[in-house]
Amino acid sequence: MKRTARLLLLPFGLAALSLKPATVPAQPKTTIRPVDPHADETKAHRDARMKWWREARFGMFIHWGLYSVPAGIWKGQEVPGRGINTQGYGEWIMHNAQIPVADYATLAPQFNPTKFNADEWVSYAKAAGMKYIVVTAKHHDGFAIYPSKVSKYNIKDATPFTRDPLAELAVACKKQGIKFGIYYSQNLDWTYPGGGPSGRRWDPAQQGDFHAYVKNLSAPQVNELLTNYKPAVLWWDIPGDFTPDEARSLTASFGKVPGLIANDRMGGGVRGDTGTPEQYIPATGFKDRDWEVCMTMNDTWGYKVNDHNFKSSESLTRNLIDIASKGGNYLLNIGPDASGIVPSPEVERLAAMGAWMKKNGASIYGTTASPFKKLGFDGRATVKGKRLYLNVFNWPTAGLRLSNLQTPVKKATVLATGEKLQLLKATDGTLSISKPAQLDSVSTAIVLDLAAPPVVIVPEVVAKPQTNGSYLLPAIDATLEGDTIQVEGSDDDANIGYWTNAKDAPSWKIKVPEGSAKTYQVQLQYASESAATATGSRIAIQVDGVASGVTGTVASTGSWDNYRTLTLEGSLKLTPGRHVIRVVALTKPNYGVMNLRRVSLIPTP
Ligand code: FHN
């Protein structure tokens, strides 16, 4: 569980519990709408609804609001991060500088984005090869950048700017063939009395009843947005602990937008359509789940005048390729300034990505995840029907080789130029592909036309002892049993997380060489944010499905990111041969068992 993932998880669990009555009396049939508006959807319907989004692969996030005026600076001082916003994001300035509501509202008369040009913004997305945009209608500061009838704290009523940016963007999107999406902070609101807080409130004006806030602002604004702008995407942020009725009120107008796609950040028991890893690319993607990585180009979502720490267009493009190869979408952010101008480093990066996408987009759009567990070169793979795309970041000096592909390859071409490449198949089935005349410094996309959709043998991962005799079993090599448990985090620091069902379990295969029967201590590298008062989960190690007697308790480490090494009690006796080492949870007093990065077996003398 990453920091954001934890926020998603807790309210789900609580809401689910509160829905279960102790006894179930015979009830007349009711017509109460389920809390999750898509609860009864068939797979076919869902596939049809998600089709455009799955094919799109690339979208633009836009964070724009009153916070673009101070642009990271308050009373002449650069505002650092605070509390849960350690990053010091520009759009968090009201929270990070603890600006009183009335003082923050003085930004509204200064917000006059006369240079805002919806066609231009959408054209940047289009030029980058993006297929949809998602723009902040209201962020945590509570200010609406559209003329809301629900509250006067909006662009039309509170600023000199009388236009409606959302309406203009919706029209520009339609004109340019881009899907239009809306972000809405349904839970956090630092201005409206009772709005969801982030830590302690800092101004008495923020005090109030959360349920009244949902009833009088949040739900009516969501319904207003869906009714008036008919977005293709609704992007919730930071799940709220909503009652079932509140959850229903927030989704009351979903029916007005057939095909609406909403993410997993609403709360109140609504699972949503898409997972939302933020600022990282999951090591293995998400199993059986649509997902979208949202990411900043520099270190802020909302404009900050002094943030020049931009990722290179090469790494942004490779991120897109990496994400597509794992079956996800990339929602890449821009943070326009208060006049409505998109900062030039962002425009330049979008154009550079677009130049690559124009020639190589076929290796991204409409593709599905790589069938390979690992490639033997620095690059990524995607699939579309009978085509296998290889994106090669750095051409291997020893030549490009592909192992484990069982399907016959008919031809290989360079996607951007059409150059035909030579194919050579070794007796062990390894394919060699000749080097193109020209390589792309970002990534050279190769198309392999196959006789049928690719069939790939995924080699079994069997851990062997290190030189000191110990076994290292990393998250990335685990076999996962269960529906919720998954590998998260990026390759270097991946962990097993979302372990919310105690019956789920990770396991590893190991091979103990002949003549080296030994006993081992078992160490876990783990993190857990269990409440300080609650005990941690009891853990046990099984060998080949049998309890080994090795057990331990994974107490809180303070946060889901704070890893600690724990040596379990007892020792493991392993005979020569193959074994399956499984970590099981005997108890789960908290909402997650733990985040597990690695298991180590250390030989004891
Ligand atoms: O707190 C926000 C943050 O400002 C930004 O909007 C991101 C985008 O995903 N969402 C929240 C943090 O998860």
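Residues numbered from 1 in each chain as written. Predicted model: local features only at pLDDT ≥ 70, side-chain atom pairs only at ≥ 80, totals over all residues. Heavy atoms only, no water.

Caption draft 1: Structural context of the overall build of the chain. In terms of regular secondary structure, the chain is built from 11 helices and 31 strands. In terms of overall dimensions, the chain is globule-like: its C-alpha atoms have a radius of gyration of 26 Å, near the 25 Å expected for 605 residues. Seen through its C-alpha atoms, the chain measures out along the principal axes to roughly 80 × 65 × 60 Å. Here the chain holds 605 residues, and the buried ones make up 53% of them. Looking at the chain alone, contacts between residues at least 24 apart form 72% of all its contacts between residues at least 6 apart. (Helix = DSSP H or I, 4+ residues; strand = E, 2+ residues; numbered from the N terminus. Rg over C-alpha atoms; globule rule 2.2 N^0.38 Å. Buried < 20%, exposed > 50% of the residue type's maximum accessible area, 1.4 Å probe, protein only. Contact = heavy atoms within 4.5 Å.)

Caption draft 2: Structural detail: the site of the ligand. In the vicinity of the ligand there are 15 residues, among which His 63, Glu 91, His 140, Asp 237 and Glu 278 approach most closely. Side-chain polar atom of His 63 to an oxygen atom of the ligand: 2.7 Å apart, as the coordinates give it. Within the side chain of His 140, a nitrogen or oxygen atom sits 2.7 Å from an oxygen atom of the ligand. Here the ligand loses 95% of its free accessible area of 320 Å² to cover by the protein chains. (Near = heavy atom within 4 Å. Polar contact = N/O pair within 3.5 Å; in protein donor to acceptor, adjacent residues only side chain to side chain. Areas by Shrake-Rupley, 256 points an atom, 1.4 Å probe, with all protein chains shown as cover.)

Caption draft 3: Quick peek at helix 7 (residues 165-176). For helix 7, which comprises 12 residues, the first-to-last C-alpha distance of 16 Å matches the rise-based estimate of 16 Å (1.5 Å per residue) to within 8%. Residues of helix 7 that are buried in the fold lie against helix 5 (118-128), strand 4 (132-138), helix 6 (155-158), strand 5 (179-184) and helix 8 (210-229). The backbone nitrogen of Leu 166 has a side-chain oxygen 3.0 Å away, supplied by the residue at the start of helix 7, namely Asp 164. (Expected span 1.5 Å × (residues − 1).)

Caption draft 4: Representation of the sheet that holds strand 6 (residues 233-236) within the structure. Read across the sheet, 8 strands follow the order 7-6-5-4-1-10-9-8 without closing on themselves; strand pairing throughout is parallel. The outermost strands of the open sheet, each flanked by one partner alone, are strand 7 (261-262) and strand 8 (274-275). The pairing of strand 5 with strand 6 spans 4 bridges and is parallel. Each residue of the ladder has a partner; that of Tyr 183, found in strand 6, is Trp 235. In the packing of helix 5 onto the sheet, the strands contacted are strand 1 (58-62) and strand 4, and the crossing angle to strand 1 comes to about 150°. (Pairing = 2+ DSSP bridges. Axes fitted to C-alpha atoms, helices over the stretch in contact; angles between N-to-C directions.)

Caption draft 5: View of the environment of Gln 77. Residue placement: Gln 77 occurs in strand 3 (residues 77-78). As for Gln 77 and Asn 360, which are separated by 283 residues in sequence, their C-alpha atoms are 44 Å apart.

Caption draft 6: Structural context of the pairing of strand 11 (residues 378-384). As paired elements, strand 11 and strand 12 (residues 387-394) share 7 bridges and run antiparallel to each other. Across the sheet, residue Asp 378 finds its bridge partner in strand 12, namely Asn 394. Hairpin geometry of strand 11 and strand 12 is characterised by an intervening segment of 2 residues between the two adjacent antiparallel strands and by a positive phi of about 55° at Gly 385.

Caption draft 7: Region of the structure containing the domain arrangement of the chain. Annotation of the chain at the domain level lists domain 1 (41-363), domain 2 (378-450) and domain 3 (462-603). Computed over C-alpha atoms, the centres of domain 2 and domain 3 are 37 Å apart. (Domains from an automatic or database assignment.)

Caption draft 8: Quick look at unusual backbone geometry. Notably, Ile 238 is not glycine yet its phi reads approximately 55°, a positive angle. You can see Ile 238 is positioned in the loop between strand 6 and helix 9 (244-250). Its relative accessible area of 15% is what places Ile 238 among the buried residues. Positive phi outside glycine occurs at Asp 288, with the angle close to 50°. Examined against the element boundaries, Asp 288 turns out to sit in the loop between strand 8 and strand 9 (290-295).

Caption draft 9: Expanded view of the packing of helix 10 (residues 313-325) against helix 11 (residues 344-360). One way to put it is that helix 10 packs onto helix 11 with a least axis distance of 9 Å and a crossing angle of 50°. Judged by the inter-axis angle, helix 10 sits oblique to helix 11. Crossing of helix 10 over helix 11 shows right-handed handedness. Every residue of helix 11 that contacts helix 10 at Ser 313, Leu 316, Thr 317, Leu 320 and Ile 321 is listed here: Arg 349, Ala 352, Met 353, Trp 356 and Met 357. (Parallel < 35°, antiparallel > 145°, perpendicular 65-115°, else oblique. Left-handed = near helix turned anticlockwise from the far one by under 90°.)

Caption draft 10: Spatial organisation of the sheet that holds strand 14 (residues 409-414). Overall, antiparallel pairing links the 5 strands, which are arranged 11-12-18-14-15 in an open sheet. Each having just a single partner strand, strand 11 and strand 15 (420-421) make up the two edges of the open sheet.

Caption draft 11: Molecular detail of the side chain of Thr 382. Among the secondary structure elements, Thr 382 is positioned in strand 11. Within polar-contact distance, the side chain of Thr 382 engages the backbone oxygen of Ser 363 at 2.8 Å. With sequence-adjacent residues up to four places away left out, Thr 382 is seen in contact with Ala 324, Ser 325, Ser 363, Thr 367, Thr 368, Arg 387, Leu 388 and Tyr 389.

Caption draft 12: View of the pairing of strand 18 (residues 444-450). In terms of residue burial, strand 18 counts as a mostly covered element, since 7 of its 7 residues are buried. Side-chain alternation along strand 18 places Thr 444, Ile 446, Leu 448 and Leu 450 on one buried face and Ala 445, Val 447 and Asp 449 on a second face that is also buried. Taken together, the 6 bridges between strand 12 and strand 18 define a ladder with antiparallel strand orientation. Within strand 18, the residue paired with Asn 391 across the bridge is Ala 445.

Caption draft 13: A look at the pattern of salt bridges. Enumeration over the complete set of coordinates arrives at 23 salt bridges. Between Lys 43 and Asp 47 there is a salt bridge; the shortest N-O distance is 2.6 Å. Residue Lys 43 and its partner Asp 47 are located together in helix 2 (residues 43-56), separated by 4 residues, close to a single helical turn. The partner of Glu 460 in a salt bridge is Lys 509, and the shortest N-O contact between them spans 3.8 Å. With Glu 460 in the loop between strand 18 and strand 19 (462-463) and Lys 509 in strand 24 (residues 505-512), this pair connects stretches of sequence that are 49 residues apart. By relative accessible area, Glu 460 is classed as partly exposed at 46%. The exposure class assigned to Lys 509 is partly exposed, which follows from its relative accessible area of 27%. (Salt bridge = Lys/Arg side-chain N within 4 Å of Asp/Glu carboxyl O.)

Caption draft 14: Expanded view of the nonpolar core. Of all hydrophobic cores here, the largest spans 109 residues; its most connected members are Leu 166, Leu 234 and Tyr 330. If sequence neighbours within four positions are ignored, Tyr 330 has contacts with Arg 57, Phe 58, Gly 59, Val 293, Met 295, Leu 316, Asn 319, Leu 320, Ile 323 and Met 353. If you look at the next biggest cluster of nonpolar residues, it comprises 32 residues, including Trp 499, Val 593, Leu 596 and Leu 601. (Core = buried A, V, L, I, M, F, W, Y, C linked by side-chain atoms within 4.5 Å.)

Caption draft 15: Structural context of the packing of aromatic side chains. The final tally for this structure, using the stated rule, is 23 aromatic pairs. Plain terms: the ring middles of Phe 143 and Tyr 153 are 5.1 Å apart, the flat faces sit at 90° to each other, and that makes the pair edge-to-face. Taken as a pair, Phe 143 in the loop between strand 4 and helix 6 and Tyr 153 in the loop between strand 4 and helix 6 lie far apart in primary sequence, 10 residues in all. By the burial criterion, Phe 143 is buried, and Tyr 153 matches it. Here the aromatic rings of Phe 210 and Tyr 213 are separated by 5.8 Å at their centres, their planes lie at 40°, and the arrangement is tilted. Of this pair, Phe 210 and Tyr 213 both sit in helix 8, 3 residues apart, which is roughly one turn of the helix. Each member of the pair Phe 210 and Tyr 213 is classed as buried. (Phe/Tyr/Trp six-rings, centres within 6.5 Å; stacked < 30°, edge-to-face > 60°.)

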